[in-house]
Amino acid sequence: MNFFARLYYKYRQIIKAIQLFLIISGPGIIVMIADNDAGGITTYAATGAKYGYNLNWLIIILIPACYYIQEMTVRLGAVTKRGHAEAIFAGFGSFWGWFSLMDLLIVNWLTMITEFIGMTAALKIFGVPPFLTVIALCVIMGIMVLNGSYWTWEKITLLFCAMNLIYIPGAFMVHPSVAAIIRQGTIPNLPGGLSSDLFFFLMANIGTTIAPWMLFFQQSSVVDKSLKEKDIPWGRVDTFVGSLLTGIVAIFIIIVTGTVLKGVNVDDAAQASVMLMKTNKYIGTFMAIGLFDAGFLGAICISLASSWAFGEVFGWAHSLNYKIKEAPWFYGFYFSLLLSAGAVVLIPKAPLVLITLFVQVVAVTLLPAALVFLILLLNNKKTMGEYTNTLSQNIINITIVVLIIIISSAYGVSTLFPNILK
């Protein structure tokens with residue numbers, strides 16, 4: 001009897017823990033999976049086509065790096081009850097506050113364009129004209145945020161996050177060599193040696209896996225969801241699960257193109273989808289659907305990150321729990337980002353492919369400054385109290401920042417002096 005009583009008690013504990021996780025989870029999973037946005041899908045597809053499985057080791061390393069960086073935003077948001085933009089203004093003054101906010105606006109707007117590029121390209125494969133895609137998407141994304149509830153928005157967004165996993169069955173369908181994946185992709189290597197091309201791909205992969213907008217989005221999301229200090233442990237689990245999923249999806253995309261399109265020049269994920277359809281129409285269709293979903297997730301999260309940030313700085317009502325009449329500036333800014341980014345995609349002969357790859361590199365170039373602000377904020381004992389960064393957390397996070405600075409500097413040198421690495 002005692003055995004069954006203990007077993008039942010343990011069962012109730014597990015069920016309660018799962019229920020609590022489902023309540024708390026959301027910000028971490030959404031920000032991480034949305035990080036595999038349209039630009040990211042193009043980057044991973046092009047990486048696999050050019051280098052096969054050889055850069056999978058980089059994604060594996062970036063999984064814990066993503067977790068450690070984003071985990072800081074969970075603590076900062078739950079403790080201070082401030083979004084990231086507001087925290088920077090409060091901690092470093094208006095000069096650095098405006099510097100970070102302008103950086104965010106520029107990078108986010110450019111990234112929004114890449115999301116619309118991905119979505120219009122994906123639906124164009126199925127015969128949907130770009131102008132119709134842009135109009136329909138703005139309407140759908142508008143409906144999602146105008147329901148007056150963060151929780152409703154989060155549940156709908158999590159459904160789209162689940163769709164992002166469509167790449168996983170696609171990878172199994174191409175029947176890759178598991179031995180080759182392990183042999184080529186798990187040990188760090190530089191295929192072809194040091195070159196400007198390799199640095200570009202390293203930068204693009206880092207830029208699409210760790211982006212400045214993610215810091216602003218997750219912290220503001222934690223605040224809008226009203227998470228408290230006691231919720232931080234579950235927020236960490238939420239973030240870890242999201243980090244794992246985003247890395248797994250990225251690796252599976254590389255496996256698909258690295259298996260089927262190795263040696264083929266791939267400019268974007270839509271092109272890769274069409275090429276894959278010639279081999280297997282289902283795999284190509286999965287790639288196209290995943291590209292659309294990735295762009296959609298990226299667009300709604302990035303536009304919200306910007307709107308939350310500006311709402312915090314200007315003192316606007318800035319919560320999805322408000323109706324449009326209660327927060328007109330917040331929603332107005334959100335729609336202005338959507339419409340302006342969508343309009344760029346409709347400009348005839350706009351260099352869309354160049355914009356997509358360029359944004360990833362710009363993002364990682366600006367990332368060190370954003371991370372330095374974050375680390376300094378997490379070391380403010382007066383503000384963070386017991387949730388201040390530990391020594392080990394500082395060592396890990398500072399190491400990440402230093403490595404990003406080294407890689408971005410190396411890329412800059414290789415671009416200015418292309419013959420230096422030959």
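Scroll up to find the structure this text is about.
Residues numbered from 1 in each chain as written. Predicted model: local features only at pLDDT ≥ 70, side-chain atom pairs only at ≥ 80, totals over all residues. Heavy atoms only, no water.

## Quick word on the packing of helix H3 (residues 38–51) against helix H13 (residues 232–260)
Running from amino to carboxyl end, H3 crosses H13 at an angle of 45°, the nearest separation of the two axes being 7 Å. Taken together, the axes of H3 and H13 are oblique relative to one another. Judged by the sense of rotation from one axis to the other, the crossing of H3 with H13 is right-handed. Where H3 approaches H13, its residues Ile41, Tyr44, Ala45, Thr47, Gly48 and Ala49 are matched on the opposing element by Ala250, Ile253, Ile254, Thr257 and Gly258. When its residues are assigned to classes, the contact of H3 with H13 shows seven nonpolar, four polar and no charged. (Axes fitted to C-alpha atoms, helices over the stretch in contact; angles between N-to-C directions. Helix = DSSP H or I, 4+ residues; strand = E, 2+ residues; numbered from the N terminus. Parallel < 35°, antiparallel > 145°, perpendicular 65-115°, else oblique. Left-handed = near helix turned anticlockwise from the far one by under 90°. Contact = heavy atoms within 4.5 Å. Nonpolar A, V, L, I, M, F, W, Y, C, P; charged D, E, K, R; others polar.)

## Observations concerning the packing of aromatic side chains
Counted by the stated rule, this structure contains 23 aromatic pairs. Between Phe160 and Phe296, the aromatic rings sit 4.5 Å apart at their centres with planes inclined by 35°, giving tilted as the arrangement. Taken together, the positions of Phe160 in helix H8 (residues 150–163) and Phe296 in helix H15 (residues 281–314) put the pair 136 residues apart, joining distant regions of the chain. Judged by relative accessible area, which is 1%, Phe296 ranks as buried. Each residue in the set Phe89, Trp98, Phe310, Phe314, Trp316, Trp329 and Phe333 is aromatic and connected to the rest through ring pairs, giving one cluster. In this structure, Lys50 packs its charged tip against the face of Tyr51, placed 5.7 Å from the ring centre. (Phe/Tyr/Trp six-rings, centres within 6.5 Å; stacked < 30°, edge-to-face > 60°. Buried < 20%, exposed > 50% of the residue type's maximum accessible area, 1.4 Å probe, protein only. Lys NZ or Arg CZ within 6 Å of the ring centre and 35° of its normal.)

## Some thoughts on the environment of Trp234
With respect to the helices and strands, the residue Trp234 is situated in helix H13. Given a relative accessible area of 24%, Trp234 falls into the partly exposed group. Taking the C-alpha atoms as reference points, Trp234 and Val74, 160 residues apart in sequence, are found 9.9 Å from one another.

## Points about the layout of surface pockets
By volume, the largest pocket is sized at about 470 Å³. Along its surface, the largest pocket is lined by 21 residues, and Leu58, Ile61, Ile206, Leu403 and Ile407 are the ones closest to its centre. Elements represented by at least two residues in the lining of the largest pocket include exactly helix H4 (56–80), helix H11 (196–209) and helix H19 (391–416). At eight residues, the largest contribution of residues to the lining of the largest pocket is made by H19. (1 Å grid on protein atoms, 1.4 Å probe; cavity = no way out; pocket = protein on both sides within 12 Å on 5 of 7 lines; lining within 4 Å. Points joined across faces, edges and corners; volume = space filled by probe spheres on them.)

## Some points on the nonpolar core
In terms of nonpolar packing, the biggest core is built from 123 residues, with Phe116, Met141, Trp153, Trp213, Phe217, Ile300 and Leu320 touching the most fellow members. For this core, the leading source of residues is H15, giving 16 residues. (Core = buried A, V, L, I, M, F, W, Y, C linked by side-chain atoms within 4.5 Å.)

## Brief notes about a nonpolar patch on the surface
A surface patch of nonpolar side chains, about 580 Å² in accessible area, is lined by Phe131, Leu132, Ile135, Val139, Ile143 and Leu346. Mapped onto the elements of the fold, Leu346 is located in the loop between helix H16 (328–345) and helix H17 (352–378). Leu346 sits in the partly exposed class, given a relative accessible area of 38%. (Patch = residues over 30% accessible without salt bridge, like charges linked within 9 Å, V, L, I, M, F, W, Y side chains within 5 Å. Areas by Shrake-Rupley, 256 points an atom, 1.4 Å probe, with all protein chains shown as cover. Salt bridge = Lys/Arg side-chain N within 4 Å of Asp/Glu carboxyl O.)

## Here's the deal with unusual backbone geometry
At Lys81, a residue that is not glycine, the phi angle is positive and equals roughly 60°. With respect to the helices and strands, the residue Lys81 is situated in the loop between H4 and helix H5 (84–92). Here Lys81 falls in the partly exposed class, since its relative accessible area comes to 41%.

## A word on the pattern of salt bridges
Enumeration according to the criterion identifies five salt bridges in this entry. With a shortest N-O distance of 2.8 Å, Glu71 and Arg236 are connected by a salt bridge. Here Glu71 is found in helix H4, whereas its partner Arg236 is found in helix H13, with 165 residues between them in sequence. On the basis of relative accessible area, Arg236 is assigned to the partly exposed category, the value being 28%. Here Lys230 makes a salt bridge to Asp231, at a shortest N to O gap of 3.5 Å. Each member of the salt-bridge network shares a partner with another, and the members are Glu71, Arg75 and Arg236.

## Section: the side chain of Thr120
Relative to the elements of secondary structure, Thr120 occurs in helix H6 (residues 94–124). Overall, Thr120 belongs to the buried group, its relative accessible area being 5%. A polar contact is formed between the side chain of Thr120 and the backbone oxygen of Phe116, at a distance of 2.7 Å. Beyond its immediate chain neighbours, meaning those up to four positions away, Thr120 contacts Pro130, Thr133, Val134 and Val345. (Polar contact = N/O pair within 3.5 Å; in protein donor to acceptor, adjacent residues only side chain to side chain.)

## Side note on the packing of H4 against H11
Across the interface, H4 lies against H11 with an axial gap of 10 Å and an inter-helix angle of 30°. At the point where H4 passes H11, the crossing takes the right-handed sense. Contact residues: Leu58, Ile59, Leu62 and Cys66 in H4; Leu202, Asn205, Ile206 and Thr209 in H11. Broken down by class, the residue content of the contact of H4 with H11 amounts to six nonpolar, two polar and no charged.

## Digging into the environment of Ser307
On the secondary structure map, Ser307 appears in helix H15. Classification of Ser307 as buried rests on a relative accessible area of 0%. If we ignore the near neighbours within four places in the chain, the residues touching Ser307 are Phe330, Phe333 and Tyr334. Within polar-contact distance, the side chain of Ser307 engages the backbone nitrogen of Tyr334 at 3.4 Å.

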